Amino acid sequence: MGYKRLIVAVLALTIYVSGLAWGPTGHRVVGQIADNYLTSKARKAIKEILGNESLAIASNWADFIKSDSTFNYLNSWHYINIKQGLNYTEFSN
């Protein structure tokens, strides 16, 4: 009987932890990978916007401000809505 509870607890913890996979570290990794693929023109444009802050660090900005009601007007910047049922060509255009 004790093993069943342990298995359930481990499974619950695994599901919970996998849900956190895109936390700050995940966002920063994606930001760093994106930074590695920037053209010099894109890098310059981003530098004008972010100054000395890296793309990896800036990638968490939306998560940090979403709990501050002062920034509620920016909520839609954290996601996009995509019409369902689009094929690849329709989505790409």
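Residues numbered from 1 in each chain as written. Predicted model: local features only at pLDDT ≥ 70, side-chain atom pairs only at ≥ 80, totals over all residues. Heavy atoms only, no water.

**A few points about the overall build of the protein**
Thinking step 1. If you tally the helices and strands in the protein, you get 6 helices and 0 strands.
Thinking step 2. The buried share of the protein, taken over its 93 residues, is 8%.
Thinking step 3. Counting contacts in the protein only where the partners sit at least 6 residues apart, residues at least 24 apart contribute 47% of the total. (Helix = DSSP H or I, 4+ residues; strand = E, 2+ residues; numbered from the N terminus. Buried < 20%, exposed > 50% of the residue type's maximum accessible area, 1.4 Å probe, protein only. Contact = heavy atoms within 4.5 Å.)

**Quick word on the pattern of salt bridges**
Thinking step 1. Following the criterion strictly, the structure yields 1 salt bridge and no others.
Thinking step 2. Across the pair Asp-35 and Arg-43 runs a salt bridge whose closest N-O atoms are separated by 3.1 Å. (Salt bridge = Lys/Arg side-chain N within 4 Å of Asp/Glu carboxyl O.)

**A few points about a nonpolar patch on the surface**
Thinking step 1. Where nonpolar side chains cluster on the molecular surface, the patch consists of Ile-80, Ile-82, Leu-86 and Phe-91 and spans about 400 Å² of accessible area.
Thinking step 2. Within the fold, Leu-86 resides in the loop between helix 5 (61-65) and helix 6 (88-92).
Thinking step 3. Accessibility expressed as a relative area gives 34% for Leu-86, which makes it partly exposed. (Patch = residues over 30% accessible without salt bridge, like charges linked within 9 Å, V, L, I, M, F, W, Y side chains within 5 Å. Areas by Shrake-Rupley, 256 points an atom, 1.4 Å probe, with all protein chains shown as cover.)

**Brief notes about the packing of aromatic side chains**
Thinking step 1. Enumeration over the complete set of coordinates arrives at 1 aromatic pair.
Thinking step 2. Both rings, one in Trp-61 and one in Phe-71, keep their centres 6.4 Å apart while their planes meet at 75 degrees; by these two values the pair is edge-to-face. Of the two residues, Trp-61 is situated in helix 5 and Phe-71 in the loop between helix 5 and helix 6; the sequence distance between them amounts to 10 residues. (Phe/Tyr/Trp six-rings, centres within 6.5 Å; stacked < 30°, edge-to-face > 60°.)

**Examining the environment of Ala-58**
Thinking step 1. Along the chain, the position of Ala-58 falls in helix 4 (residues 55-58).
Thinking step 2. With relative accessibility at 18%, the residue Ala-58 sits in the buried group.

**Some remarks on the side chain of Asn-60**
Thinking step 1. Summarising the element assignment, Asn-60 is placed in the loop between helix 4 and helix 5.
Thinking step 2. Among all residues touching Asn-60, those that are not within four sequence positions of it are Gly-23, Pro-24, His-27 and Arg-28.

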